[in-house]
There are 2 protein chains.
Amino acid sequence: MRHYLLTPGPTPIPLEVAFKEALPIFHHRTSKFAAIYKNVVEELKYIFKTKNDVYILAASGTGAMETAVINLLSPGDEIIVASCGKFGERWTDIARRCGVNVISVSVEWGKAIVPAAIEKTLKKNPDIKAVYTTFTETSTGVVNDIKRIGEIVSKTNAVLIVDAISGIVGQEFRTDDWKVDAAVSSSQKGFMVAPGLSFITLSDKAWELVKTSRIPKFYFDITKYKNYYIKNETPFTSPVTLITSLQESLRLIKKKGLTDIWEECKLLAKAARAGIKALGLELFSEIPCEVVTSASVPGEIGENIIKTLKEQYEVYIGGGQGALKGKIIRFSHMGDIGKADLIVGFACLEMVLIKLGIKIEKGKAVAAIEEEFLNSEANTLQKLKIEV
Amino acid sequence: MRHYLLTPGPTPIPLEVAFKEALPIFHHRTSKFAAIYKNVVEELKYIFKTKNDVYILAASGTGAMETAVINLLSPGDEIIVASCGKFGERWTDIARRCGVNVISVSVEWGKAIVPAAIEKTLKKNPDIKAVYTTFTETSTGVVNDIKRIGEIVSKTNAVLIVDAISGIVGQEFRTDDWKVDAAVSSSQKGFMVAPGLSFITLSDKAWELVKTSRIPKFYFDITKYKNYYIKNETPFTSPVTLITSLQESLRLIKKKGLTDIWEECKLLAKAARAGIKALGLELFSEIPCEVVTSASVPGEIGENIIKTLKEQYEVYIGGGQGALKGKIIRFSHMGDIGKADLIVGFACLEMVLIKLGIKIEKGKAVAAIEEEFLNSEANTLQKLKIEV
């Protein structure tokens, strides 16, 4: 049965990509696999906008986050975590487990990180080894100004590590230009591949820290990945089907063009925000990102909305996590989600809100979304009129 | 193009299993996923022959091995590693990275672990926390007497941890009856699923050690998996397509019956050994396991054999690892490999050996294999004769 997956990961997988997973398996220590691996990492470098290696891990995104902690730090090190939501807090959880001292420069969920606060804290604490933060915070729909944070951190001895798990591909992100020393992502968001792969890239400045890191590691030991990378291999058995699937998704992304994908996500985000406002709801995030749109809902009915959308229309959206449970809903519009999917999502949301007794006008969100789409298509529209 | 994958992981994936990977993705925090997860872990318990929980990790087998080290031990702890090959040595590598003291009770590659040596070492060192060993050592084709080792270790305070990655499913293995405290495996061997998943189960005695373990961990923190297990979830994004694929493979395994699979692997192993001997080659392993058959080859031509098999016949077999490179070849017969595949493998091996100038008689290995098959099918054969 057809369902509409508007959750921020896993995102829908195009059939061309999914089918690669079903093709006959082959061995990972072969020239056939090496050629695929080589192509995949080159394309990942294009997506990450980096000249450095991008390593592929057989792990979910959290595995890549842990890799970015345990390979750069030692017990007793001091770091800044600039968090604005659930996934930002994960940096703190991982670091504290490893005996690292965390100075929190965090903001309330829904707000964006204040770069000046990071700057101030770095000045006060010159021994700080690293700043860990989040690009697009999936739990709240906020985007942080990584470019500005990169300008600040790059002037110090500290390195900047960014969780770009949900943002990359969908929203402009530039590892090297923005002076990001380590960026991580995973397969099931903008990459449109099934969960099970994650990615990490490190700058030369970050590699200097690897040399002195004393946190124990084996599976996530980045030097192992580096040693195998030159052979176009991974140190442990590669997730062959997920990587062949990733090769196809990277081909589709390149064919469409990363800039065009950024523009498309920007339009979908703009339309989603217009839809939210047309329903009389409030946007939850202070600075909304372009891959997830979150809205506050009255009377903690969030879980009810999500449940009803799922049960009656097979529409899946995200809800509030942790303390936000019931209080917000989240629409994802990254990866293989198009204009029609967003319209379906909002039309069903309208019906569900009415069923739940919220006074809204039928079709109003859809109308607002249509308007955004029509405006963006003005040139095309002009052309159509002439042709008729 | 059709190829024959006789490598010890990844093994061939049945089409029914592979196709599950291509079906529409869905979210992992849903009742649909929970039902699949619940079914999968129940079937995994049946395979592991345990009443305890079996946890699923998004990681290759080494990730599960690391999980079995970092959750049970603390820096300064003393353990025994009983190794007989490349994968046994991995226990030592992981443990030493974590500041654990390793007493090696290892044997030369090709030999089997000596249970009495473990017993002696345990008696001499009553503070030993754990014994880490391997069931079927994939790099040499040896099987170890885990039942006997379990009898020995269970009489002490130490726990027994077994890498059953390649052996389980294909060869009789009984976690609880054999008093194994932690067993690990992964998806791409006997389970006939693509690489990317690994499994771990712990006894109550092992869980006692978890309470005091002080090695830092986050992604592989087993208590997180335990906490989500009761909700039929994993703590981090589940590799949805690999798990739905695993559900189908477990259904196929159960349909055939684990005991019948053990018998089938036993016959294939017997036939493979007969084939090796018929070619005048020597078996490499002292006590051969039933999932991989390894043979010594003259003049270090192993890599040449493997390359020629691959290039001329699209037959993939394993070679020697580490110091054994060039010296041995390895045929896998676990998972979705049948009698016909083994015959193809050996017929092509005959042709390759002749091409490489080795004096053997064409068809002799195949004849020896046919004889083993015919003998095992005596009853069926009798019936056929009567019917004709």
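The rules behind each value
- Residues numbered from 1 in each chain as written.
- Chains lettered and ligands numbered in written order.
- Predicted model: local features only at pLDDT ≥ 70, side-chain atom pairs only at ≥ 80, totals over all residues.
- Helix = DSSP H or I, 4+ residues; strand = E, 2+ residues; numbered from the N terminus.
- Buried ≥ 20, exposed ≤ 12 C-beta atoms within 10 Å, placed from the backbone.
- Contact = placed C-beta atoms within 7 Å.
- Domains from an automatic or database assignment.
- Nonpolar A, V, L, I, M, F, W, Y, C, P; charged D, E, K, R; others polar.
- Pairing = 2+ DSSP bridges.
- Axes fitted to C-alpha atoms, helices over the stretch in contact; angles between N-to-C directions.
- Right-handed = clockwise from strand over helix to strand, strands pointing away.
- Expected span 1.5 Å × (residues − 1).
- Arc of directions from axis to C-beta.
- Least-squares fit on C-alpha atoms with pLDDT ≥ 70 in both.
- Parallel < 35°, antiparallel > 145°, perpendicular 65-115°, else oblique.
- Left-handed = near helix turned anticlockwise from the far one by under 90°.

K.L.:
Which parts of the structure should I look at to understand the overall build of chain A?
P.N.:
What chain A contains, in helices and strands, is 14 helices and 14 strands. Each principal axis of the C-alpha distribution contributes one length, and for chain A these read about 60 × 50 × 40 Å. Considering chain A as a whole, with its 388 residues, one finds that 57% of them fall into the buried category. Long-range contacts, defined as pairs at least 24 residues apart, comprise 72% of the intrachain contacts of chain A with a sequence gap of at least 6.

K.L.:
Whenever I open this one, the domain arrangement of chain A confuses me. Can you help?
P.N.:
The figure often quoted for interface size is the accessible area lost as the parts come together. All names here are of chain A. Assigned domains within chain A: domain 1 (13-255) and domain 2 (257-387). If you average the C-alpha positions of domain 1 and of domain 2, the two centres end up 28 Å apart. At the interface, 25 residues of domain 1 touch 22 residues of domain 2. Of the residues that constitute the side of domain 1 that touches domain 2, the class distribution is 10 nonpolar, 11 polar and 4 charged.

K.L.:
What is the right way to read the interface of chain B and chain A from this model?
P.N.:
On the side of chain A, 43 residues touch chain B, which itself brings 43 residues to the contact. Contributing elements (two or more residues each) for the side of chain B that touches chain A: α1 (15-22), α3 (61-70), α4 (86-97) and α9 (240-256) of chain B. Partitioned by chemical class, the residues of the side of chain B that touches chain A number 24 nonpolar, 14 polar and 5 charged.

K.L.:
What's the story with the sheet that holds strand β5 (residues 130-134) of chain B in this structure? I'm lost.
P.N.:
Strands in a sheet are paired, the pairing made by backbone hydrogen bonds, and the direction either parallel or antiparallel. All names here are of chain B. Pairing within the open sheet is mixed, and its 7 strands lie in the order β2-β10-β9-β8-β5-β3-β4. Where the open sheet ends on each side, the last strands, each with one partner, are β2 (54-58) and β4 (101-104). Between one strand axis and the next, the sheet turns through 20° on average, direction left out of account. Of the strand pairs in this sheet, β5 and strand β8 (residues 159-163) are connected by 5 bridges, and their pairing is parallel.

K.L.:
Where do I start with the pairing of strand β3 (residues 78-82) of chain A in this structure?
P.N.:
Where a strand is regular, its side chains alternate between the two sheet faces. Residues and elements named next belong to chain A. Counted residue by residue, β3 has 4 buried out of 5 residues, so it is predominantly covered. Of the strand pairs in this sheet, β3 and strand β4 (residues 101-104) are connected by 4 bridges, and their pairing is parallel. Bridge assignment links Ile79 to a residue of β4, and that residue is Val102. This β-α-β element, β3 to helix α4 (residues 86-97) to β4, shows right-handed connectivity. Of the pairings in the sheet, the one linking β3 to strand β5 (residues 130-134) comprises 4 bridges and is parallel in character.

K.L.:
What am I meant to see in unusual backbone geometry here?
P.N.:
Glycine aside, residues mostly have negative phi angles, and peptide bonds mostly take the trans form. Residue and element names in this part refer to chain A. The amide bond that connects Gly9 to the next residue, Pro10, takes the cis arrangement and shows omega of -5°. Mapped onto the secondary structure, Pro10 falls in the loop between β1 (4-6) and α1 (15-20). One non-glycine residue with positive phi stands out, namely Glu314, at about 55°. The residue Glu314 is located in the loop between α11 (302-313) and β13 (315-319) in this model.

K.L.:
What's the story with helix α2 (residues 31-48) of chain A in this structure? I'm lost.
P.N.:
Each α-helix winds once per 3.6 residues, and so residues spaced three or four apart point in a common direction. Residue and element names in this part refer to chain A. Across its 18 residues, α2 extends 25 Å between first and last C-alpha, which sits within 8% of the 26 Å expected from 1.5 Å per residue. What α2 keeps buried is the set Ile36, Tyr37, Val40, Val41, Leu44, Ile47 and Phe48. All buried residues of α2 fall inside an arc of 130° around its axis, so they share one side. Seen from the open side of α2, the exposed residues pointing more than 90 degrees away from its buried face are Ser31, Ala35 and Glu42. On the buried face of α2, the contacting elements are β2 (54-58), β9 (182-186), β10 (197-202), α9 (240-256) and α10 (258-278). Within two residues after α2, Lys49 carries a phi angle of roughly 55°, on the positive side.

K.L.:
So what exactly am I meant to see when it comes to the relation of the copies chain B and chain A here?
P.N.:
Each copy of the chain is related to the other by a rotation around an axis and a translation along that axis. With an RMSD of 0.0 Å, the operation that places chain B on chain A is a rotation of 180° combined with a shift of 0.0 Å along the axis. With respect to symmetry, the two chain copies, as superposed, fit the operation of a two-fold axis. No C-alpha of chain B approaches the rotation axis more nearly than that of Ala59 of chain B, which lies at 2.5 Å. Comparing contact sets, 100% of the residues at the interface of chain B also lie at the interface in chain A, consistent with an isologous, same-surface contact.

K.L.:
Explain the packing of helix α12 (residues 339-355) of chain A against helix α13 (residues 364-376) of chain A here, please?
P.N.:
Geometrically, a packed helix pair is captured by the angle between its two axes and the distance between the axes. Residues and elements named next belong to chain A. Contact pair α12 / α13: the axes reach a minimum separation of 9 Å and the direction vectors enclose 160°. With respect to each other, α12 and α13 are oriented roughly antiparallel. Considering how the two elements wind past one another, α12 and α13 form a crossing that is right-handed. For the pair α12 and α13, contact is made by Lys339, Leu342, Ile343, Phe346, Ala347, Leu349 and Glu350 and by Ala365, Val366, Ile369 and Phe373, respectively.

K.L.:
Looking at this structure, how should I read the sheet that holds strand β1 (residues 4-6) of chain B?
P.N.:
Residues and elements named next belong to chain B. Across the sheet, 5 strands lie side by side as β1-β13-β14-β12-β11; this open sheet has mixed pairing. Strands at the two margins of the open sheet, each flanked by one partner only, are β1 and β11 (282-283). In this structure, β1 lies alongside strand β13 (residues 315-319), joined through 3 bridges in parallel fashion. If you follow Leu5 over to β13, its bridge partner there is Tyr316. Running over the sheet, helix α11 (residues 302-313) touches β13 and β14 (328-332) and is turned about 165° from β13.

K.L.:
It is not clear to me how the environment of Ile80 of chain B should be interpreted in this structure. Could you clarify?
P.N.:
Residue and element names in this part refer to chain B. When you line up the elements, Ile80 lands in strand β3 (residues 78-82). For Ile80, a count of 25 C-beta atoms within 10 Å translates into the label buried. Between the alpha carbons of Ile80 and Thr140 there is a distance of 20 Å; along the sequence they are 60 residues apart. Look past the residues within four positions of Ile80 in its chain and what remains in contact with it is Ile103, Val105, Ile118, Thr121, Ile128 and Val131.

K.L.:
Looking at this structure, how should I read the packing of α11 of chain B against helix α12 (residues 339-355) of chain B?
P.N.:
All names here are of chain B. Between α11 and α12, whose axes approach to 10 Å, the crossing angle comes to 115°. In this structure, α11 meets α12 at a crossing whose hand is right-handed. Note on element contacts: α12 touches α11 through Cys348, Leu349, Val352 and Lys355, opposite Ile305, Thr308, Leu309 and Tyr313. Grouping the constituent residues of the contact of α11 with α12 by class yields 6 nonpolar, 1 polar and 1 charged.

K.L.:
I would appreciate a short explanation of the environment of Lys226 of chain A in the present structure.
P.N.:
Summarising the element assignment, Lys226 of chain A is placed in helix α8 (residues 222-229). For the pair Lys226 of chain A and Ile128 of chain A, spaced 98 residues apart in the sequence, the C-alpha separation amounts to 26 Å.

K.L.:
Which parts of the structure should I look at to understand the pairing of strand β9 (residues 182-186) of chain B?
P.N.:
Residues and elements named next belong to chain B. For β9, the tally of buried residues reaches 5 of 5 residues, placing the bulk of the element in the interior. Strand direction decides the pairing type here: β8 and β9, joined by 3 bridges, are parallel. Opposite Ile161, over in β9, you have Ala182 as the bridge partner. Here β9 runs beside strand β10 (residues 197-202); their pairing, made up of 5 bridges, is antiparallel. Looking across to β10, one finds that Val184 is bridged to Ile200.

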